[in-house]
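# Summary of the model geometry
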Amino acid sequence: MTKTKWWLRVVGVFYLLLAFGSLWLFFINPHIFDAMFPFSNDALSFRAFSDAWLIFVLDLAVLGGIMLYAALEPERNGILVLTVAILEIVRGAGGDFLWMTRGWSTAHYIPFMIVHLIIGFTGIYFLRQESAKTSG
């Protein structure tokens, strides 16, 4: 389960870096979303979006930590790999696609979509590849 172990480590660290980077922005530059928000000039809209983003960032931090722990025994944590991979495809790439259809910048979200798809499909691929080895 070497590939799955490394996938859990790499994606887990990536999630933690994203979470801590976002938390740093929340406290150092809390108005970062004002410039990114293309639809409303309303302070309440900015606050609602940043609050929702904070919950997402906390999810990333928790998942990142759990993934690093799960990497200690990847053969027992395939369901976590599958869960994160599907979340990347549905919530990550699907969410980016939804945002682009609603007017958000495709130049910004296509690269994110590609990263989500790479993480999701490599997780499924490695899990299937290593599951086939242990069952065969």
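Figured I'd write up the structure that's included with this text.

The final tally for this structure, using the stated rule, is 7 aromatic pairs. Consider the rings of W53 and W99, whose centres lie 6.2 Å apart with planes at 35 degrees: the pair is tilted. In this pair, W53 is assigned in helix α3 (residues 43-70) and W99 in helix α4 (residues 78-101), connecting sequence segments 46 residues apart. Assessed through its relative accessible area of 24%, W53 is described here as partly exposed. Centre to centre, the rings of W99 and Y109 are 5.3 Å apart; their planes meet at 90 degrees, and the pair counts as edge-to-face. Of this pair, W99 sits in helix α4 while Y109 sits in helix α5 (residues 106-135), and the two are 10 residues apart along the sequence. Using a relative accessible area of 24% as the deciding quantity, one classes W99 as partly exposed. Classification of Y109 as buried rests on a relative accessible area of 10%. For the cation-ring pair, R9 lies above W6, with the distance from its terminal atom to the ring centre recorded as 4.6 Å.

The next subject is the environment of G120. Counting through the fold element by element, G120 comes out in helix α5. You can call G120 buried: its relative accessible area is 0%. When the C-alpha positions of G120 and G92 are compared, they lie 9.0 Å apart, and in sequence the two are 28 residues distant. Leaving out residues up to four positions away in the same chain, G120 has contacts with A85, E88 and I89.

As a further point, take the nonpolar core. Formed by 18 residues in total, the largest nonpolar core has its most connected members in W7, L8, V11, Y15, M67, L80 and V84. Of all the secondary-structure elements, those providing two or more residues to this core are α1 (2-28), α3, α4 and α5. Per-element accounting of this core gives the leading share, 7 residues, to α1. Those residues in contact with M67 that lie beyond four places of it in its chain are W7, L8, V11, G12, Y15, L80 and V84. Judged by nonpolar contacts, the second largest core, of 6 residues, contains F49, A93, W104 and M113.

Calculation criteria
- Residues numbered from 1 in each chain as written.
- Predicted model: local features only at pLDDT ≥ 70, side-chain atom pairs only at ≥ 80, totals over all residues.
- Heavy atoms only, no water.
- Phe/Tyr/Trp six-rings, centres within 6.5 Å; stacked < 30°, edge-to-face > 60°.
- Helix = DSSP H or I, 4+ residues; strand = E, 2+ residues; numbered from the N terminus.
- Buried < 20%, exposed > 50% of the residue type's maximum accessible area, 1.4 Å probe, protein only.
- Lys NZ or Arg CZ within 6 Å of the ring centre and 35° of its normal.
- Contact = heavy atoms within 4.5 Å.
- Core = buried A, V, L, I, M, F, W, Y, C linked by side-chain atoms within 4.5 Å.

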